[in-house]
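In case you want the letters, here they are:
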Amino acid sequence: MVDTFTVHITPYGLDRRTFIYLPDDWQAGEKRYPVLYMFDGHNLFFDDTATYGTCWGLKEYLDARPNAIVVAPECNHEGNQRLEEYCPYESDWFDGIHGTGKQYMDWLVNELKPAIDAKYPTLPDRENTAIGGSSMGGLMSLYAIAAYPEVFSKAACLSPSVRLCLPDIKADLRRTRLWPDTRVYLSWGEKEGHGKHQMAQYTANALAVTRILNERGAAVYPYFQLDGRHCEADWRRQLPRCFRFLFGWK
């Protein structure tokens, strides 16, 4: 089942709709579940809430494997606020991004996660806590692994927008002390850019991040999606591959 509730994002002073996936029988027994925190909750479960009319199909995928809880606040849809929220750095892209992603992640870790753990049957330990997203949400997931390695053991980084701040995210990944069981799924698509030059750039960026993660001791699954575009429909096709690597699901 997918429910929604409202959270207050303290650093912004804003209320935000949040989607939560719960196995249908979550109240029937004493079973506790790993938790995956995700970005862009409106794009994950239902086509009628998705920005471009097609969602990830995450509800159908999880209904067949009811092994986790997913918590996913909606993004800010006003102007460039999504870019601001989901970027942890300053960036010159798009006429300048004044990223507040560090404040957002501090809120998620220190306010949202404790509230979820108090209300739902979660496994709150690091081994059972993951984070994931696509595009800017993928960038934030990479940042979360670097900034909070004691909180998150897994990250799903689909088409992460690392080109907006590549030196910064590489520096943070090099500085962090990743735990040896850290697992990162990192993907990019053949048709995300315009032409072979951009595809080569995206590939070089993804492989540079992969190398650093490997050097820091993480297990990484770099996946180049043939014909892959920058869209929910193609991220949806990666769900089995991604979750099998991160959680071992068949």
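Per-chain numbering applies: the sequence of each chain, read as written, is numbered from 1 onward. For this predicted model, a pLDDT threshold of at least 70 governs which residues receive local features, and a threshold of 80 or more governs which side-chain atom pairs are given and counted, while totals over whole chains, interfaces and linings are taken from all residues. The side-chain figures draw on all heavy atoms in the structure; neither hydrogens nor water molecules are used.

Engineer: For the pairing of strand 3 (residues 35-38), give the residues involved together with the corresponding values.
Structural biologist: For the exposure calls, accessible area comes from a 1.4 Å probe over protein chains only, and a residue counts as buried if that area is under 20% of its type's maximum, exposed if over 50%, partly exposed in between. Secondary structure elements are taken from DSSP: a helix is a run of H or I of four residues or more, a strand is a run of E of two residues or more, and numbering for both begins at the N terminus. Alternating positions in strand 3 separate into two faces, Val35 and Tyr37 on one and Leu36 and Met38 on the other, with burial throughout. DSSP-based pairing: two strands are paired if at least 2 bridges between them are found. For strand 3 and strand 4 (residues 69-73), the ladder comprises three bridges, and the chain directions are parallel. Across the sheet, leucine 36 pairs through a bridge with valine 70, a residue of strand 4. Running through helix 1 (residues 58-63), the crossover from strand 3 to the neighbouring parallel element strand 4 is right-handed. Of the strand pairs in this sheet, strand 3 and strand 7 (residues 129-134) are connected by four bridges, and their pairing is parallel. Orient the strands so they point away from the viewer; a crossover is then right-handed if the path from the first strand over the helix to the second runs clockwise.

Engineer: Lay out the sheet that holds strand 4 in plain terms, naming residues and giving numbers.
Structural biologist: Spatial strand order, 1-2-4-3-7-8-9-10: eight strands in an open sheet with mixed pairing. Each of the sheet's edge strands pairs with one partner strand only, and the pair in question is strand 1 (2-9) and strand 10 (219-225). Going from strand to strand, the sheet's axes swing by 20 degrees on average, the running direction of each strand aside. In this structure, strand 7 lies alongside strand 8 (residues 154-158), joined through five bridges in parallel fashion. Bridged to alanine 130 within strand 8 is lysine 154. Throughout, a residue-residue contact means that at least one pair of heavy atoms, one from each residue, lies within 4.5 Å. What counts as an axis is a line fitted to C-alpha atoms, over the stretch in contact for a helix, and the angles between N-to-C directions run from 0 to 180 degrees. The sheet strands contacting helix 3 (residues 101-119) are strand 1, strand 2 (14-21), strand 3, strand 4 and strand 7, and the helix crosses strand 1 at an angle near 130 degrees.

Engineer: Residue-level account of the side chain of serine 187, with values.
Structural biologist: For serine 187, the location among the structural elements is in strand 9 (residues 183-189). Residue classification places serine 187 among the buried residues on the basis of a relative accessible area of 0%. Pairs of N or O atoms within 3.5 Å make up the polar contacts considered here, provided that, within protein, one atom can donate a hydrogen while the other can accept it, and that residues adjacent in sequence are counted only when both atoms are side-chain atoms. Within the structure, serine 187 has its side chain in polar contact with the side chain of glutamine 238 (distance 2.8 Å). Sequence-distant contacts of serine 187, defined by excluding residues within four places in its chain, comprise Cys157, Leu158, Ser159, Pro160, Tyr223 and Gln238.

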